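# Understanding the architecture of this molecule
Listed below, chain by chain, are the residues.
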Amino acid sequence: MKYVSTRGGEAVSLDQAIAAGIAKDGGLFVPDPVPAFALKDFEDATTIHEVAQVLLGPFFEGSALAPHLGAIIGETFSFPIPLTKLSVATGDLHMLELFHGPTAAFKDIGAGFLAACLSRLQRDQSVPLTILVATSGDTGGAVAAAFNERPGMRVVVLFPEGRVSQRQARQLTCWGDNVLSLAVHGSFDDCQALVKEAMANADLNARHRFSSANSINIGRLLPQCTYYAHASLARYRESGQKPSFIVPTGNLGNGLALMLCKQMGLPVADVILATNENRVIGDYLEEGEWLPTESKPTLASAMDVGNPSNMERVLALFGDAASLHRLIRAVSVSDQHIEEEIREGNTDFGFAICPHTATACHVYRHLSDEERRMKNWIVVATAHPAKFEQIVEPLTGHLLDLPDSLRAILDRPVHSVSIGPDLASFEMALEDRFGLDARSSAGDK
Ligand SMILES: *Cc1c(COP(=O)(O)O)cnc(C)c1O
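Just so you know, these numbers come straight off a predicted model, no measurement behind them.

### Examining the site of the ligand
Near the ligand you find 15 residues, and of these Lys107, Asp138, Gly250, Asn251 and Thr382 are the closest. The separation between an oxygen atom of the ligand and a polar main-chain atom of glycine 253 is 3.0 Å. Residue threonine 382 places a side-chain N or O atom 2.8 Å away from a nitrogen atom belonging to the ligand. For the ligand, whose unbound accessible area comes to 380 Å², protein coverage reaches 98%. Grouping the amino acids of the shell around the ligand by side-chain chemistry returns six nonpolar, seven polar and two charged.

Below you can see the structure in the form of structure tokens.
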């Protein structure tokens, strides 16, 4: 299997694509060809590990990681990913709970898989690899947790100062060891732009061996296909009907994984992307013109993205607005509706949901009665509500229990460095912490 740049410049192996993160021409790597599956390929696959082995096998063909795939899958899918049946008045609804990992958000899965791959690729290198990650909230914590204390690896987390929840901020700044947390005066898009600029800087790159762990890394995307394959097969086997999914969407990594599953032949019916008021994807589907903008702060802050990077992959793999229109829908949900949904969802489902998950639940609730009845639906739950207790608790009137994993993280001491949104500030903070000569501390844990 080879991986080609969305800008056409390069074809590399999986190992190179994972190690580089982004192509030399600035494009994103996509698999070429996208594998195709028949349902009978999964005949003997029931558990998520078995499904992952079948699904990911072709993507690892020719990779030095291929013999380790089983172990990588085992390390990544080490916590449950339940598909829970919900009781609702009309129709058939399940919730795919992606938030039972170490930082209680779905990004633990992609980050864990990427860390498991990269740490194996990195084994023979003397200079540490520095993972740069721009985060609007959840990515950074997940990546730091996944890479923390892995030998030969460093992590630099960049987050928009004051724009993440208190608990998120703690999760971004509690690692120490090989993790540097930078609070950037700016938006998530500024953080993302800074990562791109640093990676494109040959001089800095030579000293620090940068790699990315944002959802642009193909090593994040592939494992995300696994839970959609597993859930769709499970529902299809139970009901004889292909399930339809509603995915809370920001940078479009999670949604793209689902689109890929459908394309590869997994039993997926409709794909609906639920966004917050950052509605650039919906506008594109309606107007046919791609107009990325500044991101706008909302209650579903991990989805505050004005220029979703994975759109470049979507366009390369699925064509223009007209062809996308046949494949997906996108619905934008206002903050007011998010609040309403957290309140009503709590009453209807009997448990609290996070603001991101609320966008998907709201979209479900506002489908036509007929659509709710005729199709079988899966809403995707992307984070544990206790991560956003300041939003959720006042709306439901109940205090939320912290999952054990989060409790452990929130007890750790925190440390971060504030910087301006420019490369010079970034460079200074980086070299202050890790030294000018990356080699001098190659023996760091
Ligand atoms: C990142 C995130 C999303 C959006 O996922 P994308 O892959 O960026 O579209 C949704 N919900 C939560 C809780 C997240 O952390």
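### Details of a negative patch on the surface
On the surface, Asp41, Glu43, Asp44 and Glu50 cluster together to form a negatively charged patch. One can find glutamate 50 in helix 2 (residues 48-56). Since its relative accessible area comes to 35%, glutamate 50 is described here as partly exposed.

### A closer look at the packing of aromatic side chains
Considering all chains together, one arrives at seven aromatic pairs under this definition. A ring pair is formed by tyrosine 228 and phenylalanine 245, whose centres lie 5.4 Å apart and whose planes are at 85°; its orientation type is edge-to-face. Placement of tyrosine 228 in helix 9 (residues 218-239) and of phenylalanine 245 in strand 10 (residues 243-248) is noted, with a sequence separation of 17 residues between them. Given a relative accessible area of 0%, tyrosine 228 falls into the buried group. On the accessibility criterion, phenylalanine 245 (0% relative accessible area) is buried. An aromatic cluster of at least three residues, connected via ring pairs, comprises Tyr227, Tyr228 and Phe245. Directly above the ring of tyrosine 364 sits arginine 372, whose terminal nitrogen or CZ lies 5.8 Å from the centroid.

Parameters at a glance
- Along each chain, residue indices are assigned from 1 in the same order as the chain's sequence is written.
- Selection of residues for local features in this predicted model requires a pLDDT of at least 70, selection of side-chain atom pairs for listing and counting requires 80 or more, and totals for whole chains, interfaces and linings are taken over all residues.
- Values reported for side chains reflect all heavy atoms of the structure, with hydrogen atoms and water molecules removed beforehand.
- Consider each residue's heavy atoms; a residue with any of them within 4 Å of a molecule or strand counts as near.
- Side-chain atoms alone can form a polar contact between residues adjacent in sequence; in general such a contact is a pair of N or O atoms within 3.5 Å, and within protein one must be able to donate a hydrogen while the other accepts it.
- A 1.4 Å probe and the Shrake-Rupley method give the accessible areas. Residues count as covered only by the protein chains that appear here.
- The classification used treats Ala, Val, Leu, Ile, Met, Phe, Trp, Tyr, Cys and Pro as nonpolar, Asp, Glu, Lys and Arg as charged, and all other residues, Gly among them, as polar.
- Two joining distances apply to patches: 9 Å for like charges and 5 Å for nonpolar side chains (Val, Leu, Ile, Met, Phe, Trp, Tyr), and every residue must have over 30% relative accessible area and no salt bridge.
- One speaks of a salt bridge when a side-chain nitrogen belonging to Lys or Arg is within 4 Å of a carboxyl oxygen belonging to Asp or Glu.
- The convention is simple: Lys and Arg are positive, Asp and Glu are negative, and His and the chain ends are not counted.
- Every charge is mapped onto a representative atom, which is NZ of Lys, CZ of Arg, CG of Asp or CD of Glu.
- Put simply, DSSP marks the helices as runs of H or I at least four residues long and the strands as runs of E at least two long, and each gets a number from the N terminus on.
- Burial classes: relative accessible area under 20% of the type maximum marks a residue as buried, over 50% as exposed, and values in between as partly exposed (1.4 Å probe, protein chains only).
- Pairing of aromatic side chains requires ring centres within 6.5 Å, counting the rings of Phe and Tyr and the six-membered ring of Trp. Pairs whose planes differ by under 30 degrees are stacked, by over 60 edge-to-face, and all others tilted.
- Note on geometry: a ring has a charge over it if NZ (lysine) or CZ (arginine) is within 6 Å of the ring centre and within 35 degrees of the ring normal.

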